[in-house]
Amino acid sequence: MMTDDRDIIIKAEGLTLIFGKRKKEALELLNRGYSKTDILKKTRCTIGVNKASFEIKKGEIFVIMGLSGSGKSSLIRCLNRLNEPTDGKVYFKDHNITRETNKQLLHTRRTEMSMVFQKFGLLPHRTILENAAFGLEIRGETREQREEKARIALKTVGLEGYEEQYPRELSGGMQQRVGLARALANDTDVLLMDEAFSALDPLIKSDMQDELLQIQNKLHKTIVFITHDLNEAMKVGDRIAIMKDGVIEQIGTAETILTSPATDYVEAFVERVDRKTIITAETLLFKHPTTVKLGKTGPKGVLHKMREAGLNVLPVVDNLDKFLGYVWLEDMIDLEKRKVQSIESALYSEVPSVLKSYTVEEMLPLITGHHYPLAVVDEEDGRLLGLVTQTSLIIESTRYSKTEMNELIDNANDL
Amino acid sequence: MEKIIPLGEYIERGINALETNFSFLWRAIDDGISWTVSFMNDFFLAIPFVVFLLVVATVAYYAKSRGRLFSREGLKRGVGLTLFVVFGFFLIYGMGYWKEAVQTITLVLVSTAIALLLGIPFGILSAKSNIADAIVKPVLDFMQTMPAFVYLIPAIFFFSVGNTPGVIATVIFSVPPAVRLTNLGIRNVPGDVVEAGRAFGANEKQILYKIQLPLAMPTILAGINQVILLALSMVVIASMVGAKGLGSLVYQGIQQNDIAKGFESGLGIVILAIVLDRITQAVANKK
């Protein structure tokens, strides 16, 4: 990984969690390479998390995703030791959480990490304000102090005006906002979110995801987000860890996982995802296309290049490779006939260009009704980085199988 | 039949040993309970009947109307029990049993207080520890199934006759629901709320006082209601060891074959039971 060590806020090494009475025995069998089912048969112990190692960077949303029973909720509970890890280490900043005494652990939970739960975990006998202030109350802050912070947190999640109501008077989505406000009020660097949005209706879920991303843009927390919903994982996650049977199968960005799944399981898993919103121009980029330099190449030269490349349209750049527009075959023939030396008069500059981060979904409307490829330019200096062909966009959005797709993209790029 | 296992003899010997070795303790308990009972008795009797009646009627109305004292809804809810208190208490007074009724109320209140003081901590303990639960449960079963009369014997032995053995026997008989329902209430607190508390760094004490006890309160209050009713149901039996009140009038009615006395005092107990039950239930349901 290319990050500086100082950027890493949570680090897990060989984290293992075993449920059952004969943990030691089970751990030994696990270390000797026995399978989960064999260990269950021999010791009646279940392996919840199997030697998970990962690093979470400061300020990122790290998603742990897997189906139910994959060990993701057990894993997140190892980070604040709601589940006591059987083996392995968790480092938070510079201290080893797995080694902390009870007192240190309580301190860590109070000041370093807060948590949001699938079932909200609100206190029904307390008002929204008191619920949001709960973590601060546990920490021992004065009423004035904690209520002020809780009010700010409630405002952040859009619950201003609900302070004096009780949880049962609020909808599920609003209750989870209270859960989120309670976590934010503690102002910890790390937020642990355990299936926080899984119990919500699809529409509200999507709203909450958007809101979480907005809040994250403002507050820059480090968020560990558990979900069983791949689309959710892809939407909110900077990086995603995919879990199966307690093992982390792959860690990477949404796009890496989609484009180069590490295992068959991951591949089967990601097949169902809506690729349009994930795949970006960077992946589809056709690098080093044939270009025309304005002022250096005349119509004759352009025609030659077009013939060589077998294309009827070419991108035009300036001396610094900055993208200017396209020229077409017919115009070049026309200019050649009229003996015009410069191609400037035939340059189509009113064309869209995109950045590397544009998704297929965002690019599709830009190509409809036109016949040129999309130019991908550098955000800073407008340099042409490459082209995204219409063919590859259409293939992405219509979802061919992977081999078919590669074949088609290859063919398209060969054009 | 020949006695092969003289269990009763062992028990008797054990109780004897307890009596002689810890006599200072029994003395202290006796003094404490006797003093409390007679103090409360004198206090209640010093209050004029009408004032007492008004206080109870107000409490009944307040509990029933759930804080909506002056609304039509509050009136609709509260009026029934309030009227019942007024008529019931006047009936007891009119029958000439007010003094005995106050003695019974005192006995029930003191026994209930002691039962709760013992029962709720044991309930908390058995909710927190499965081992404690495994020990406490059979003891409670034993206490509830053993005929109540049996408790009278050691109670007299330790405290001779009077109010104290009556209170002790009543406490033993009425403590189980306090333990059981406290235990149940705490165990039924949703795991996710407790887990949320832990995740925010709450220690065991904070989890108990800020999460478990408040959420278990409706169940605990239901337990308190049960304790009061069981205590009231013990007054006749307690009167056999010298506890004063309506119970002893019923007992006299039985002994003297006095139908009038027995019926009247029995009715007095029923009235007290209904009033205490409805008020505590209303308080429990308010949460």
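Residues numbered from 1 in each chain as written. Chains lettered and ligands numbered in written order. Predicted model: local features only at pLDDT ≥ 70, side-chain atom pairs only at ≥ 80, totals over all residues.

1. Things to note about the overall build of chain B
For clarity, the threshold we go by: Per the convention used, a helix needs a DSSP run of H or I reaching at least four residues, while a strand needs a run of E reaching at least two, with both numbered from the N terminus. With C-beta atoms placed from the backbone, a residue is labelled by how many other C-beta atoms lie within 10 Å of its own: buried for 20 or more, exposed for 12 or fewer, partly exposed between the two.
Along the backbone of chain B there are 13 helices and zero strands. Ordered by position from N to C terminus, the α and β elements of chain B give α-α-α-α-α-α-α-α-α-α-α-α-α. Judged by the C-alpha coordinates and their principal axes, chain B covers about 60 × 55 × 35 Å. In chain B, which comprises 287 residues, the share counted as buried stands at 39%.

2. Here we look at the interface of chain B and chain A
For clarity, the cut-off: Here contacts are defined at the residue level, using C-beta atoms placed from the backbone and a cut-off of 7 Å between them. All residues other than Ala, Val, Leu, Ile, Met, Phe, Trp, Tyr, Cys, Pro, Asp, Glu, Lys and Arg, Gly among them, are scored as polar; the first ten of these are nonpolar and the last four charged.
In this complex, chain B contributes 14 residues to the contact, which on the side of chain A involves 16 residues. Take the side of chain B that touches chain A: its biggest share by element is six residues, from helix α9 (residues 191–199) of chain B. Taken together, the residues that form the side of chain B that touches chain A break down as eight nonpolar, three polar and three charged.

3. Some details on the sheet that holds strand β13 (residues 313–317) of chain A
Two modes of strand pairing occur in sheets, parallel and antiparallel, and in both the strands are linked by backbone hydrogen bonds. Residue and element names in this part refer to chain A. The test is simple: A pair of strands counts as paired when DSSP detects no fewer than two bridges linking them. For every element, the axis is a line fit to its C-alpha atoms; helices are fit only across the contacting stretch, and the angle between N-to-C directions ranges from 0 to 180 degrees.
Pairing is mixed in the open sheet, where three strands are placed in the order β12-β13-β14. Only two strands of the sheet have a single neighbouring strand rather than two, namely β12 (292–293) and β14 (323–328). Two strands pair when backbone bridges link them, and β12 and β13 are joined in this way by two bridges, in the parallel orientation. In the strand pairing of β13, Lys 293 is matched with Val 317. Lying over the sheet, helix α14 (residues 299–309) contacts β12, β13 and β14, oriented at roughly 130 degrees with respect to β13. Contacts from helix α15 (residues 329–337) reach β13 and β14 within the one sheet, and its direction differs from that of β14 by about 75 degrees.

4. Observations regarding the environment of A:Ile248
Examined against the element boundaries, A:Ile248 turns out to sit in strand β10 (residues 247–252). In this structure, A:Ile248 is in contact with A:Ala52, A:Phe54, A:Ala241 and A:Met243, ignoring residues within four places of it in sequence.

5. Some thoughts on the confidence of the model for chain A
Condition: Per residue, pLDDT captures the predictor's confidence, and it can take any value from 0 to 100.
On average, chain A scores 86 in pLDDT, and the residues at 70 or more come to 93%. Mean pLDDT values over the elements of chain A span from 62, in helix α18 (residues 402–414) of chain A, up to 95, in helix α5 (residues 128–132) of chain A.

6. What to know about the packing of α14(A) against α15(A)
All names here are of chain A. The condition is simple: Here is the rule for handedness: rotate from the far helix to the near one, and if that takes an anticlockwise turn smaller than a right angle the crossing is left-handed, while a clockwise turn gives right-handed.
In the contact formed by α14 and α15, the axes pass within 9 Å of each other and the chain directions differ by 140 degrees. Our pair here, α14 against α15, has a crossing hand that is left-handed. Between α14, through Pro 299, Lys 300, Val 302, Leu 303 and Met 306, and α15, the contact on the second element is made entirely by Leu 329, Met 332, Leu 335 and Glu 336. Its residues assigned to classes, the contact of α14 with α15 comprises seven nonpolar, no polar and two charged.

7. Focus on the packing of helix α2 (residues 23–46) of chain B against helix α5 (residues 98–128) of chain B
All names here are of chain B. The criterion, for reference: Note on angle classes: values under 35 degrees are labelled roughly parallel, values over 145 roughly antiparallel, values of 65 to 115 roughly perpendicular, and the remainder oblique.
Taken N-terminus to C-terminus, the directions of α2 and α5 make an angle of 135 degrees; their axes are 9 Å apart at the nearest point. The orientation of α2 with respect to α5, classified from their angle, is oblique. Crossing handedness for the pair α2 and α5: right-handed. Where α2 approaches α5, its residues Ile 33, Thr 36, Val 37, Met 40, Asn 41, Phe 44 and Leu 45 are matched on the opposing element by Lys 99, Val 102, Gln 103, Ile 105, Thr 106, Leu 107, Leu 109 and Val 110. Residue composition of the contact of α2 with α5, grouped by class: 10 nonpolar, four polar and one charged.

8. Section: unusual backbone geometry
Residue and element names in this part refer to chain A. In this model, Asp 187 sits at a positive phi of 50 degrees, which is unusual for a non-glycine residue. With respect to the element layout, Asp 187 can be found in the loop between α8 (172–185) and β7 (190–194). The backbone phi angle of Lys 339 is positive, close to 60 degrees, even though this residue is not glycine. You can see Lys 339 is positioned in the loop between α15 and β15 (353–354). Exposure remark for Lys 339: the 7 C-beta atoms within 10 Å place this residue in the exposed category.

9. Side note on the sheet that holds strand β4 (residues 87–92) of chain A
All names here are of chain A. Spatial ordering of the open sheet is given by β2-β1-β4-β5, a layout of four strands whose pairing is antiparallel. The open sheet has two edge strands, β2 (46–57) and β5 (95–96), and neither has a second partner. The pairing of strand β1 (residues 8–19) with β2 spans eight bridges and is antiparallel. Across the sheet, residue Lys 11 finds its bridge partner in β2, namely Glu 55.

10. Here's the deal with the confidence of the model for chain B
Residues and elements named next belong to chain B. Averaged over every residue, the pLDDT of chain B is 89; the share at 70 or more is 99%. Least confident of the elements in chain B is helix α7 (residues 148–159), whose mean pLDDT is 82; most confident is α5, at 94. Among the prediction metrics, the complex's ipTM stands at 0.78, with pTM recorded as 0.76.

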